[in-house]
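Okay, here's what each chain looks like letter by letter:
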Amino acid sequence: MTTKDPESEHPSVTLFRQYLRICTVQPNPDYGGAITFLEERARQLGLSCQKIEVVPGFVITVLTWPGTNPSLPSILLNSHTDVVPVFKEHWHHDPFEAFKDSEGYIYARGSQDMKSVSIQYLEAVRRLKSEGHRFPRTIHMTFVPDEEVGGHKGMELFVKRPEFQALRAGFVLDEGLANPTDAFTVFYSERSPWWVQVTSTGK
Ligand SMILES: [Zn+2]
């Protein structure tokens, strides 16, 4: 898909570029802009939208597609809304313009990490729902602030909240990383996560 005829752009791409233009950049992300965008998506998709303010100004937004068997544990599709800062002088295109070149490349801070994923969740749900699909398990899309600075005012607090327990998450997806080859990178974990801390004393 090229920019030759902007009218012909796939609506998913248009939505992605809209979201990229919301300046949720650290250290002062426009979280209000992101929440407004997500509320509008919920309205258009016919999904419920719950907002949980874990710290003043730090809101988790949850869009929910109920399953046909709500007693089952749910699927969580998680993503963070903030992005890391930029050195604008090193960019060929404004990092918050979401410019798409004639080759189809979209330039923006957040295009890989991870607004692409948020929009992929939303557009996959939109498509499945509009085509009449139903699934036993409820799907929650959770959009969290603060990931790029450790999540201490985001997911770290959210998982302790009763609203999080009420989601009854059975399985979660979140970001991976880009892969320059034809393969895809998946972070794999089962049972209890294995975190190893190595302390080097230099002696
Ligand atoms: Zn990320």
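As the structure is a computational prediction, the values presented were derived from the model and not from experiment.

Engineer: Could you give an account of the pairing of strand E1 (residues 48-55), with specific residues and numbers?
Structural biologist: Sheet analysis places E1 next to strand E2 (residues 58-65), joined by seven bridges and oriented antiparallel. In the strand pairing of E2, Ser 48 is matched with Thr 64. Between E1 and E2, which pair antiparallel one after the other, the connecting turn spans two residues, and Gly 57 there sits at a positive phi close to 90 degrees.

Engineer: How would you explain the nonpolar core if you had to name every residue and give the values?
Structural biologist: Among the nonpolar cores identified, the biggest contains 26 residues, and Phe 37, Leu 47, Leu 63, Ile 119, Leu 122 and Met 141 are the most heavily contacted of them. What Met 141 contacts, discounting residues up to four positions off in sequence, is Leu 47, Thr 61, Val 62, Leu 63, Leu 77, Tyr 121, Leu 122 and Val 125. In terms of nonpolar packing, the next biggest core, distinct from the first, is built from 11 residues, Ile 52, Val 62, Leu 76 and Phe 158 among them.

Engineer: So, the side chain of His 80: which residues are in play, and what are the values?
Structural biologist: As for its placement among the helices and strands, His 80 is situated in strand E3 (residues 74-80). Of the polar contacts made by the side chain of His 80, one reaches the side chain of Glu 175; its length is 3.2 Å. Discounting chain neighbours no more than four positions away, the residues touching His 80 are Asp 113, Met 114, Ser 118, Val 144, Glu 147, Glu 148 and Glu 175.

Engineer: Which residues make up the coordination of the zinc ion, and what values go with them?
Structural biologist: Protein-derived ligands of the zinc ion are His 80 (NE2), Asp 113 (OD), Glu 175 (OE) and Glu 175 (OE), with the metal-ligand distances lying across 1.8 to 2.7 Å. The coordination sphere of the zinc ion comprises four donor atoms, whose angles at the metal cover 54 to 146 degrees; the geometry is irregular. Mapping the donors of the zinc ion onto the primary sequence yields the spacing H-x32-D-x61-E. Taken together, the positions of His 80 in strand E3 and Glu 175 in the segment after strand E7 (169-173) put the pair 95 residues apart, joining distant regions of the chain. The exposure class of His 80 is buried, given its relative accessible area of 2%.

Parameters and conventions
The residue count restarts for each chain, going from 1 along the sequence in the order it is written. Per-residue local features are limited, in this predicted model, to residues with pLDDT of at least 70; the limit for side-chain atom pairs, both in listing and counting, is 80 or more; totals at the level of whole chains, interfaces and linings are taken over all residues. Side-chain metrics rest on all non-hydrogen atoms present in the structure, leaving aside hydrogens and water. At least two DSSP bridges between two strands are needed for those strands to be called paired. Segments assigned H or I by DSSP are reported as helices when at least four residues long, segments assigned E as strands when at least two residues long, and all are numbered from the N terminus. In this description, a nonpolar core means a group of buried Ala, Val, Leu, Ile, Met, Phe, Trp, Tyr and Cys residues linked to one another through side-chain atoms lying within 4.5 Å. Only protein chains enter the area calculation, which uses a 1.4 Å probe; residues under 20% of their type maximum are buried, those over 50% are exposed, and those in between are partly exposed. Two residues qualify as a contact provided that any one of their heavy atoms is within 4.5 Å of a heavy atom in the partner residue. The term polar contact refers here to a pair of N or O atoms within 3.5 Å; inside protein, the definition further demands a hydrogen-donor-capable atom paired with an acceptor-capable atom, and it admits residues adjacent in sequence only when both atoms are side-chain atoms. A donor here means an N, O or S atom no more than 2.8 Å from the metal, or no more than 3.2 Å when the metal is Na, K or Ca. Since water is not included, a site may seem to lack partners. Only two sets of limits are used to name each site, 85 to 135 degrees for every angle of a tetrahedral four-donor site, and over 155 degrees for opposite donors with all other angles from 65 to 115 for a square planar four-donor or octahedral six-donor site, with any other site named irregular.

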